[in-house]
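# Structural features, examined
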Amino acid sequence: MLQFQCMADLNGFLKESFERFPAETTVEPERCPEGMAGDLTVNCFRFARFCGAAPDRVARQVADYLEGHRDVESVDVVKAFVNVALKPAALYRDSVADPAALLDAGRLAPAERRRILIEYSAPNTNKPQHLGHVRNNTLGMSLAALLKRVGHEVIEINLVNDRGIHICKSMIAYQRFGHGETPESTGIKGDHLVGDFYVEYNRALSVEIAALKAAHPEWAERDAESLFLETELGRATQKMLQDWEAGDPEVRALWRRMNDWVFAGFDATYRRMGIHFDHTYLESQTYQLGKDVIAAGLEQGVFVRRADGAVMAPLGKLGDKVVLRSDGTSVYMTQDIGTTLLKYRDYQPQAMIWVVGDEQNLHFQMLFAIMRKLGYEWADDLFHLSYGMVNLPSGKMKSREGTVVDADDLFDEMVNLAIAGCRERADESVSETELAARGEIIGMGALKFMLLKFNAKTTMTFDPAASIRFEGDTGPYVQYACARIRSIARKAAERGIDFAPDRVRWELLAHPAEKALALAAAFYPAALHLAAGRRDCSSLVEYLLDLAKAFNRFYRECPVLAAEEPELVSARLALCESVRTVLTDGLATLTIGVPEAM
């Protein structure tokens, strides 16, 4: 991690002065709070125990050392906090003067890097992906990119649910209502076409259930699930599932055909989001996994057989979990145990992450507990990235009622809003093709940024219009800071102004807004490490917003091309370019691009 020289020297001083100070411990400074004199703060509460003295006494020793350091302008002690003001030359030397080093400091030491497998998306092949999937995809792809950015080796996995009763519902509906339609004949994207039949199925089922209840008043309070096999449509669907499991050629042919349509649609959705999976597992190939593990665990006493013949895992406070039904058939947990082992055998990861909604919290707690009971040492490195529901201002979405917002439709809406915003700002020389290209980058970036802005556990409401604003805590606000710096650099190049960092007189940048901007940029490596360590991209989003705000304050208070002296112009240009480098890298880490202009 990037360090200011005075802080590196302070670490050496502490380790030499105090025998109990651990060699591996590093004192990391924080940003000095607003309104206090200083650039950095050393919190002595955090390490005073290693020094064998009260925190305020340690703070005084730290202050005495730093007061004599060549890079320090002034020191102020507040209780156990030491506020340090750096000399401008030292501040810029150790931060933005070398943007390549600043970026490189965001990478972990080789010994800290790991091989991590992350599974996300996991759609069903009976419908297109919707806003909920978009949140899942965004969380998964951005966390994968963040972990790669700091140096981990990351394997991105998808597990598609391509079999089961819900898949058969779309197939039955196509048989009855499809009239031989195809994506080619209708011009409808394959996953959307199959999803339309899933909605049509549920409408037809609702009509049949209503008729049943009218004919049987005693069933009035029964729900649709309990009446499913009382309907002709439900029985036909169940029969189709049985035929699929028996390998019926006609059923399998229809299943493959419709799944192919959906996979083609999914691929287009993933391409637009910038997603690439290293491996896609299919439930049709994995749903029978795990039974052998259950049998072995039963012999070892990990599992117990109930009186009715079912096999269960006693998990203490978590409760008991059935892992095999009394008739010997699998449950979801059986398959998840088998699939977890399959992924481990295929890739030998040091950690595994599942990006799955919070309704599955207990399921994953149980899965991880079972893997530990089975004796797998690596089970301590299994992690569920749980996330809350995402709603629209109009309310919740329901797939079977056709009230969801399809991912592709949402993408189009975001891009169109972005194009409209760009058109308002662009002059007449900007072509529609260029506006469309800008709109794609801005619209998709705004969507991802807003979905990542909140901690994953938060249930959030997504407002497309609010997320696309060029002002406020949005992706376009950060993108616009990058575009503005690009514009300044182009104008500087037109005037022949040189601002190569190695020839810049950094000590000229003494304005508080300049120093605050450089300090904000200097903490980029720390922001990357914090976000990756927490597996939480929202903290990186917060950092980028703060850096963009620091740049805009600087831009308002410190004229760049209109600065009083040519050397000051060059220094401010170099500062801007270093900040743009950090912002662009940070957005790329969140899988968000930056247009040349907005």
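What counts and what doesn't
Residues numbered from 1 in each chain as written. Predicted model: local features only at pLDDT ≥ 70, side-chain atom pairs only at ≥ 80, totals over all residues. Heavy atoms only, no water. Helix = DSSP H or I, 4+ residues; strand = E, 2+ residues; numbered from the N terminus. Buried < 20%, exposed > 50% of the residue type's maximum accessible area, 1.4 Å probe, protein only. Contact = heavy atoms within 4.5 Å. Areas by Shrake-Rupley, 256 points an atom, 1.4 Å probe, with all protein chains shown as cover. Lys, Arg positive; Asp, Glu negative; His and termini not counted. Charge placed at Lys NZ, Arg CZ, Asp CG, Glu CD. 1 Å grid on protein atoms, 1.4 Å probe; cavity = no way out; pocket = protein on both sides within 12 Å on 5 of 7 lines; lining within 4 Å. Points joined across faces, edges and corners; volume = space filled by probe spheres on them. Nonpolar A, V, L, I, M, F, W, Y, C, P; charged D, E, K, R; others polar. Salt bridge = Lys/Arg side-chain N within 4 Å of Asp/Glu carboxyl O. Pairing = 2+ DSSP bridges. Expected span 1.5 Å × (residues − 1). Polar contact = N/O pair within 3.5 Å; in protein donor to acceptor, adjacent residues only side chain to side chain. Right-handed = clockwise from strand over helix to strand, strands pointing away. Core = buried A, V, L, I, M, F, W, Y, C linked by side-chain atoms within 4.5 Å. Axes fitted to C-alpha atoms, helices over the stretch in contact; angles between N-to-C directions. Parallel < 35°, antiparallel > 145°, perpendicular 65-115°, else oblique. Disulfide = S-S within 2.5 Å.

### Quick word on the overall build of the protein chain
- Helix and strand counts for the protein chain stand at 23 helices and 14 strands.
- Across its three principal directions, the C-alpha atoms of the protein chain cover 90 × 70 × 45 Å.
- Split into buried and exposed, the 598 residues of the protein chain put 54% on the buried side.
- Of the contacts made within the protein chain by residues no fewer than 6 positions apart, 73% connect residues no fewer than 24 positions apart.
- Counting only carbon and sulfur atoms, one obtains 49% of the accessible surface of the protein chain, whose full area is about 26,800 Å².
- Separation between the mean location of the 68 positive side-chain charges and that of the 84 negative ones in the protein chain comes to 2 Å.

### Here's the deal with empty space enclosed by the protein
- Scanning the model with the defined rule gives two cavities of 30 Å³ or more in all.
- What the largest cavity holds in volume is close to 60 Å³.
- What lines the largest cavity is simply Leu139, Leu143, Leu385, Leu452, Phe454, Ala456, Arg535, Asp536, Cys537 and Ser538.
- A breakdown of the residues in the lining of the largest cavity according to their chemical character gives seven nonpolar, one polar and two charged.
- Taken as a whole, the second largest cavity spans an internal volume of roughly 40 Å³.
- For the second largest cavity, the full set of lining residues is Thr125, Ile167, Ser170, Met171, Val194, Trp255, Met258 and Asn259.
- Those elements giving two or more residues to the lining of the second largest cavity turn out to be helix 6 (165-177) and helix 11 (249-273).
- Taken together, the residues of the lining of the second largest cavity sort by class into five nonpolar, three polar and no charged.

### Describing the pattern of salt bridges
- Enumeration according to the criterion identifies 29 salt bridges in this entry.
- A salt bridge links Asp191 to Lys189, with the nearest nitrogen and oxygen atoms 3.0 Å apart.
- According to the relative accessible area criterion, Asp191 is buried, its value standing at 0%.
- When its relative accessible area of 25% is taken as the criterion, Lys189 is described as partly exposed.
- Close ionic contact of Glu567 with Arg505 constitutes a salt bridge, the shortest N to O distance being 2.8 Å. Of this pair, Glu567 sits in helix 23 (residues 566-589) while Arg505 sits in the loop between helix 19 (475-494) and helix 20 (512-522), and the two are 62 residues apart along the sequence.
- By relative accessible area, which is 39% here, Glu567 ends up partly exposed.
- The exposure class of Arg505 is partly exposed, given its relative accessible area of 36%.
- Salt bridges linked by common partners bring Arg60, Asp64 and Glu67 together as one network.

### Brief notes about the sheet that holds strand 3 (residues 72-78)
- Read across the open sheet, the four strands follow the order 1-2-4-3; overall the sheet is antiparallel. On the outer flanks of this sheet lie strand 1 (30-31) and strand 3, each paired with one strand and no other.
- Bridge count for strand 2 (residues 40-43) against strand 4 (residues 81-86) is four bridges, and the pairing is antiparallel. Bridging across to strand 4, Val42 finds its partner in Val82.

### Quick notes on helix 6
- Look at helix 6: 18 Å from first C-alpha to last across 13 residues, which is about the 18 Å you get at 1.5 Å a residue.
- Along helix 6, the residues classified as buried are His166, Ile167, Cys168, Lys169, Ser170, Met171, Ile172, Ala173 and Tyr174.
- Buried-residue contacts for helix 6 involve helix 8 (190-215), helix 10 (232-245) and helix 11.

### Quick look at the side chain of Thr474
- Tracing the sequence through the fold places Thr474 in the loop between helix 18 (464-467) and helix 19.
- Here the side chain of Thr474 touches Tyr477 through a polar contact of 3.2 Å, landing on its backbone nitrogen.
- Setting aside its immediate chain neighbours within four residues, Thr474 contacts Phe449, Met450, Ala466, Ser467, Arg469 and Leu545.

### Focus on the pairing of strand 12 (residues 382-387)
- The buried fraction of strand 12 amounts to five of the six residues, a majority that puts the element mostly inside the structure.
- Pairing geometry for strand 11 (residues 351-357) and strand 12, over six bridges, is parallel. Looking across to strand 12, one finds that Gly357 is bridged to Tyr387.
- In this fold, strand 11 hands off to helix 15 (residues 361-373), which returns the chain to strand 12; that crossover is right-handed.

### So, the nonpolar core
- Judged by nonpolar contacts, the single largest core of 162 residues is most densely connected at Phe47, Leu66, Val82, Phe462 and Leu540.
- Here this core takes eleven residues from helix 23, the largest share from any one element.
- When neighbours within four sequence positions are excluded, Leu540 is seen to be in contact with Leu146, Tyr524, Ala527, Leu528, Ala531, Gly586, Thr589 and Leu590.
- Counting residues in hydrophobic clusters, the runner-up holds 34 residues, among them Leu315, Trp354, Met371 and Ala379.

### Structural notes on the layout of surface pockets
- Roughly 940 Å³ of internal volume is contained in the second largest pocket.
- Around the second largest pocket, the lining comprises 30 residues; the ones closest to its centre are Arg31, Cys32, Ala516, Leu519 and Ala520.
- Considering each element in turn, the lining of the second largest pocket owes the most residues, nine residues, to helix 22 (residues 538-557).
- Looking at the lining of the second largest pocket residue by residue, the classes come out as 16 nonpolar, four polar and ten charged.

### Notes on helix 21 (residues 524-534)
- Every buried residue belonging to helix 21 is among Tyr524, Pro525, Ala527, Leu528, His529, Ala531 and Ala532, and all of these are buried.
- Looking at the packing, one finds that the buried side of helix 21 touches helix 4 (99-104), helix 5 (131-149), helix 20, helix 22 and helix 23.
- With its phi angle positive at about 55°, Arg535 sits one or two positions after the end of helix 21.

### Considerations on the side chain of Lys515
- Looking at where Lys515 falls in the secondary structure, it is placed in helix 20.
- Reaching out from Lys515, the side chain makes a polar contact with the side chain of Asp39 at a distance of 3.5 Å.
- Each residue touching Lys515, except ones within four places of it in the same chain, is listed here: Asp39, Glu73, Leu86, Leu91, Tyr92, Leu509 and Ala510.

### Section: the packing of helix 21 against helix 22
- Running from amino to carboxyl end, helix 21 crosses helix 22 at an angle of 160°, the nearest separation of the two axes being 8 Å. Compared by their axis directions, helix 21 and helix 22 come out roughly antiparallel. Within the contact between the two elements, helix 21 uses Tyr524, Ala527, Leu528, Leu530, Ala531 and Arg534 and helix 22 uses Ser539, Leu540 and Tyr543.
- Here the contact of helix 21 with helix 22 is composed, by residue class, of seven nonpolar, one polar and one charged.

### Section: the state of the cysteines
- Enumeration over the complete set of coordinates arrives at zero disulfides.
- There is no disulfide at Cys6, and the cysteine sulfur nearest it, in Cys32, is 13 Å away.
- Sulfur of Cys482: no disulfide; nearest cysteine sulfur belongs to Cys576 and is 11 Å away.

Don't take any of this as a statement about function, it's just geometry.
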